[in-house]
Number of protein chains: 2
Amino acid sequence: MDAQDPELDRQLNTARAAARGLRKTPDDVRARALVSMAEAMEAARDELIAVNAGDLERARSLPPALVDRLALSPARVAQMAEGLREVARLGDPLAEAVPARPVPGVPRMVRRRVPLGVIAVIFEARPNVAAEIAALGIRSGNALLLRPGREALASVQAIVRALTHGLERAGVDPGAIQVVEDPDRRRFAALLSARGRIDLLVPRGGQALIDEVARNARVPVVETGVGNCHVFLHAAADPELAERITVNSKLFRPAVCNAAETLLVDAAVAQSLLPRVGRALAQGGAQLRACPRALPVLLASGIDARPAVESDWAEEFLAPIMAVRVVDGLEEALEHIERYGTRHSEAIVTTDPEAAQAFVDGVDAAAVYVNAPTSFTDGGKFGLGAEVGISTQKLHARGPMGLESLTTWQWVGHGRGEVRS
Amino acid sequence: MDAQDPELDRQLNTARAAARGLRKTPDDVRARALVSMAEAMEAARDELIAVNAGDLERARSLPPALVDRLALSPARVAQMAEGLREVARLGDPLAEAVPARPVPGVPRMVRRRVPLGVIAVIFEARPNVAAEIAALGIRSGNALLLRPGREALASVQAIVRALTHGLERAGVDPGAIQVVEDPDRRRFAALLSARGRIDLLVPRGGQALIDEVARNARVPVVETGVGNCHVFLHAAADPELAERITVNSKLFRPAVCNAAETLLVDAAVAQSLLPRVGRALAQGGAQLRACPRALPVLLASGIDARPAVESDWAEEFLAPIMAVRVVDGLEEALEHIERYGTRHSEAIVTTDPEAAQAFVDGVDAAAVYVNAPTSFTDGGKFGLGAEVGISTQKLHARGPMGLESLTTWQWVGHGRGEVRS
């Protein structure tokens, strides 16, 4: 890579040097740096909005949803600053040290948390991701390489300028946060193959981005964000909760990964619950795609629905569309989820504690809810302060990735000349 | 895969079903299963040794070191049984549950440990690996697919027969431990690509095996075992400790990954320490490959040594060979380790606590030792009871992989109808 892209090579070296320094930086300095970054963001508010106006101008022809994600307002800048302060208030993620079980004749061993080192985040149009990642990354002692989508580049550069001013004022190496410019996507590929120089790469964005990273990365990756989530209305579901939880799971924010895509209803209560829940979904703007057992129940109640096809069970709609299926009890619901789910978030509505426990034990997902909606899967709601993303894998990090997900362990042994024999 | 290999497909389904059952199995049943497996191993001792004799007969033309790894003796069978009992005595790896910071209006959230699910281990000639993996895998509630090298197949099948008798007697699904037969290495490739059906694949063996798995796996993998480890003799090293720790790091078991490959000596003490340490290494049977500054010191003391070449600094010799280099102080030692090390185990010998701390903070490795040899990196010595392997990666598991490395987390939220707004 050195010869082909000296600028990226320099950035990787700068990040490594910054990581080495951060590793030795005490907690109070890291926490103070976040407060200082928040102040610098607030001071730069008008400049950030002016630079963002340029990005928005260039993005005029793009889809409105993307333009909305790209926009910075005084309120969003204030949110970014508050996010930094909130993570500053969390405990030191590097404070944990676990003594090993003492073994006779063996040095005293301690397992202590240390930063991962250099973390690269590839994201898309939302510039505020830069502040969120910076908060978690610096608090946990890591150096960051941020590679935003082209449309957000100028905004992210302005944000990172403010953040690095904050770092400098707190006495932290400003090389700890860098923006990787990538006009022709060559550095995207270079980051994916920078083995030994990047300790974690997180893709944060749509399915296409994540798939591309997962297929091509030769550096360690945590996959985030694909959510084909379900709500199961058990035979002993409370009707009011069934309605409220289904509607919130589907419609709170249909375009994000924690939204439910399929409603499973126990056959024993399909006649009584489906009309009520289906009507509430339709009134909230959802289109329903129903299995052959659910369809007549919905249509007989005057609720618009069309027949579901096989691919509907597997699709993450990311839109106000919900597939509906009648199942014969809890076991069939678990089988459906095992087959089609993406191990993200699953919910059961029931007043029966045994059924609830069987669901929790039977579902293999990052988050499982009893009488609560899937929309709660979110780093803030889990008390993590913010999130790097939502991991759908089992290794290293699962569910919303907070500070801990950006750390690893190191074993330290202090001996007095003991040796193995 | 289904159509091409119905037998492997059936084994993967059997493993998944067993994993589902094990997930709900209480701790006392899992612990009792290990004791029952130990008893079954002891009862089958003579049969195991007889079957192993067949493997040894077929392996007559193979290298003696491999034949030694393959051999089972009454003592090795007793060791396997004792290993199972030791892991049975460890605490429940699934007992941990961490309540999240409460957030107003949000369901009560708890993060609890759960098994990974289905774990595949690809190993080579050592049949006792089967018992060690079985102990850790079952204790942590996972189902196992063991794919041994061809030369150990009959021995591993006999061991697993005994282990599954033990499982059955404890009331655990015997489908939780299966041997994957793979005469033509087709199933090796099939396991590597069984995405969604294997939750963790661990290659346990030589560099070639690990590289092949890392390059081709589409299932989650933890890489184990490559150790280019260093001993650094600091300017304030105690001479007796310097000798003892270097010799033990290199020669305790030169063929395993925790053996040190390079000795770094501070220039300030090269004249005083190198003759003593070099002589002890040579007397222990080590060949020395020295840098231009170390070579004349060694030769002048009558110690046999040859000039080191660049590739010597990067090589894991796995043999009684040690590279020797004189460095100008701690920083140059850290740079050498950063450049050539494999992030496994590193040691410093010093009486200066500040230098020790700077080394510990400056070295990016799974294990760092102060006045103790690298040969201590071993699951048993770390109080883990046994080990799946030694992870050289930072994500998920680092260093010796014990029970915890075979678990993941699940967030469980219990609500009363709260929704997001």
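Residues numbered from 1 in each chain as written. Chains lettered and ligands numbered in written order. Predicted model: local features only at pLDDT ≥ 70, side-chain atom pairs only at ≥ 80, totals over all residues.

> Would you explain the overall build of chain A in this entry?
Broken down by element type, chain A carries 14 helices and 16 strands. Relative to the 2.2 N^0.38 estimate, which gives 22 Å for 421 residues, the radius of gyration of chain A is 24 Å and therefore close to what a compact globule would have. When its C-alpha atoms are laid out on the principal axes, chain A stretches across 70 × 65 × 40 Å. With 421 residues in all, chain A has 55% of them scored as buried. Counting only contacts in chain A whose residues sit at least 6 apart along the sequence, the fraction spanning at least 24 positions is 72%. (Helix = DSSP H or I, 4+ residues; strand = E, 2+ residues; numbered from the N terminus. Rg over C-alpha atoms; globule rule 2.2 N^0.38 Å. Buried ≥ 20, exposed ≤ 12 C-beta atoms within 10 Å, placed from the backbone. Contact = placed C-beta atoms within 7 Å.)

> Looking at this structure, how should I read the interface of chain A and chain B?
A common way to report how large an interface is uses the accessible area buried once the components associate. Tallying the contact residues gives 53 residues for chain A and 53 residues for chain B. At the level of secondary structure, the elements contributing two or more residues to the side of chain A that touches chain B comprise helix H10 (239–251), helix H14 (353–362), strand E13 (367–370) and strand E16 (407–414) of chain A. The greatest single-element share of the side of chain A that touches chain B, amounting to seven residues, is contributed by E16(A). Across the side of chain A that touches chain B, the residue classes break down as 26 nonpolar, 14 polar and 13 charged. (Nonpolar A, V, L, I, M, F, W, Y, C, P; charged D, E, K, R; others polar.)

> Explanation requested: the sheet that holds strand E5 (residues 177–179) of chain B in the structure shown.
Sheets are built from strands paired through backbone hydrogen bonds, the pairs being either parallel or antiparallel. Residue and element names in this part refer to chain B. Across the sheet, which stays open at both edges, the four strands sit in the order E5-E4-E3-E6 with parallel pairing between neighbours. Across the chains shown, the open sheet's two edge strands, defined by having one partner strand only, are E5 and strand E6 (200–203). Across the sheet, the axes of successive neighbouring strands diverge by a mean angle of 20 degrees, strand direction being ignored. Bridge count between strand E4 (residues 143–147) and E5: three bridges; the pairing is parallel. Across the sheet, residue leucine 145 finds its bridge partner in E5, namely glutamine 178. Sitting on the sheet, helix H1 (residues 6–23) touches strand E3 (118–122), E4 and E5, and the angle it makes with E4 is about 145 degrees. On the sheet, helix H7 (residues 153–169) packs against E4 and E5 and is oriented at approximately 160 degrees with respect to E5. (Pairing = 2+ DSSP bridges. Axes fitted to C-alpha atoms, helices over the stretch in contact; angles between N-to-C directions.)

> Please clarify how the sheet that holds strand E16 (residues 407–414) of chain B should be interpreted in this entry.
Overall, mixed pairing links the 10 strands, which are arranged E10(A)-E9(A)-E11(A)-E8(A)-E7(A)-E12(A)-E13(A)-E16(B)-E2(B)-E1(B) in an open sheet. Bordering the open sheet on either side are strand E10 (306–307) of chain A together with strand E1 (97–99) of chain B, each of which pairs with just one other strand. Strand direction decides the pairing type here: strand E9 (residues 287–290) of chain A and strand E11 (residues 321–327) of chain A, joined by four bridges, are parallel. Each bridged residue has a counterpart across the sheet, and for A:Arg289 the counterpart in E11(A) is A:Ala323. Against the sheet, H10(A) touches strand E7 (229–233), strand E8 (260–266), E11 and strand E12 (345–349) of chain A, its axis set at about 165 degrees to E12(A).

> Please clarify how the pairing of strand E9 (residues 287–290) of chain B should be interpreted in this entry.
Note on strand geometry: in a regular strand, side chains alternate between the two faces of the sheet. When E9(B) meets strand E10 (residues 306–307) of chain B, the two strands line up parallel, connected through two bridges. Within the sheet, the bridge partner assigned to B:Ala290 lies in E10(B) and is B:Pro307.

> I keep staring at the relation of the copies chain A and chain B and nothing clicks. Help me out?
Two chain copies here: they are related by a rotation about an axis and a translation along the same axis. Of the transformation superimposing chain A on chain B, the axial component is 0.0 Å and the angular component is 180 degrees, with the fit at an RMSD of 0.0 Å. Those values place the two copies in the arrangement expected of a two-fold rotation axis. Closest to the rotation axis within chain A is the C-alpha of A:His396, separated from it by 1.8 Å. Both copies present the same face, since 100% of the interface residues in chain A are matched by interface residues at the equivalent positions in chain B. (Least-squares fit on C-alpha atoms with pLDDT ≥ 70 in both.)

> Looking at this structure, I do not really get the confidence of the model for chain A. What am I missing?
Segments scoring low in pLDDT should not have their predicted coordinates read at a detailed level. Across chain A, the average pLDDT comes to 94, with 99% of residues at or above 70. At the level of chain-chain contacts, confidence expressed as ipTM amounts to 0.91, with global pTM at 0.92. (pLDDT = per-residue confidence, 0-100.)

> What is the right way to read the domain arrangement of chain A from this model?
Residues and elements named next belong to chain A. Here the domain parsing of chain A yields domain 1 (8–99 + 108–188 + 396–413) and domain 2 (229–380). A straight line from the C-alpha centre of domain 1 to that of domain 2 covers 36 Å. Contact with domain 1, which involves four residues of that partner, is made by five residues of domain 2. When grouped by side-chain class, the residues that make up the side of domain 1 that touches domain 2 number one nonpolar, two polar and one charged. (Domains from an automatic or database assignment.)

> Any chance you could explain helix H3 (residues 45–58) of chain A here in plain terms?
Residues lying three or four places apart along an α-helix face the same way, a consequence of the helix completing one turn every 3.6 residues. Residue and element names in this part refer to chain A. With 14 residues, H3 ought to run about 20 Å at 1.5 Å a step, and its terminal C-alpha atoms sit 20 Å apart, in line with that. Those residues of H3 not exposed but buried are Leu48, Val51, Asn52 and Asp55. All buried residues of H3 fall inside an arc of 105 degrees around its axis, so they share one side. Among the exposed residues of H3, those pointing more than 90 degrees away from its buried face are Asp46, Ala50, Gly54 and Glu57. Summarising the contacts, the buried residues of H3 are in contact with helix H4 (64–70), helix H5 (74–89) and helix H7 (153–169). (Expected span 1.5 Å × (residues − 1). Arc of directions from axis to C-beta.)

> Even after reading the chapter, I still don't get the packing of helix H2 (residues 27–43) of chain A against H7(A), so can you show me in this structure?
Packed helices, taken two at a time, are described by the angle their axes make and the gap between the axes. All names here are of chain A. Contact geometry of H2 with H7 gives a least axis separation of 7 Å together with a crossing angle of 135 degrees. As the angle between them shows, H2 and H7 are arranged oblique. Note on packing geometry: the crossing formed by H2 with H7 is right-handed. Two secondary-structure elements touch here, H2 through Ala33, Ser36, Met37, Glu39, Ala40 and Met41 and H7 through Ala162, Leu163, His165, Gly166, Leu167 and Arg169. Residue classes in the contact of H2 with H7 are distributed as seven nonpolar, three polar and two charged. (Parallel < 35°, antiparallel > 145°, perpendicular 65-115°, else oblique. Left-handed = near helix turned anticlockwise from the far one by under 90°.)

> For this particular structure, what's the right way to read the pairing of E16(B)?
Where E13(A) and E16(B) come together, four bridges link them in parallel fashion. Across the sheet, residue A:Val368 finds its bridge partner in E16(B), namely B:Val412. Across eight bridges, the pairing between strand E2 (residues 108–115) of chain B and E16(B) is antiparallel. Across the sheet, B:Arg108 pairs through a bridge with B:His414, a residue of E16(B).

> Looking at this model, I keep getting lost on unusual backbone geometry. Mind explaining?
In this model, A:Arg185 sits at a positive phi of 60 degrees, which is unusual for a non-glycine residue. Along the chain, A:Arg185 falls in the loop between strand E5 (177–179) and helix H8 (186–192). In this structure A:Arg185 comes out as exposed when scored by C-beta crowding, with 10 C-beta atoms within 10 Å. Residues other than glycine seldom take positive phi values, yet B:Asn371 does so here, at roughly 55 degrees. Here B:Asn371 is to be found in the loop between strand E13 (367–370) and strand E14 (390–391).

> How should I be thinking about the environment of A:Ala125 in this particular structure?
Residues and elements named next belong to chain A. Within the fold, alanine 125 resides in the loop between strand E3 (118–122) and helix H6 (128–139). Residue classification places alanine 125 among the buried residues on the basis of 24 C-beta atoms within 10 Å. Distance from alanine 125 to asparagine 228, taken between C-alpha atoms, is 23 Å for residues 103 residues apart in sequence. Aside from chain neighbours lying at most four places away, what touches alanine 125 is Leu66, Arg69, Leu70, Gly149, Glu151 and Ala152.

> When you look at the environment of B:Ala75 in this model, what are you seeing that I'm missing?
Summarising the element assignment, B:Ala75 is placed in helix H5 (residues 74–89). Residues B:Ala75 and B:Ile321, spaced 246 residues apart in sequence, show a C-alpha to C-alpha distance of 31 Å.

> Honestly, the environment of B:Gly278 in this entry has me stumped. Any pointers?
All names here are of chain B. Examined against the element boundaries, glycine 278 turns out to sit in helix H11 (residues 267–283). Taking the number of C-beta atoms within 10 Å as the measure of exposure, glycine 278 has 28 and is therefore buried. Sequence separation between glycine 278 and alanine 59 is 219 residues; the distance between their C-alpha atoms is 38 Å. Each residue touching glycine 278, except ones within four places of it in the same chain, is listed here: Leu288, Leu298, Ser301 and Ile303.

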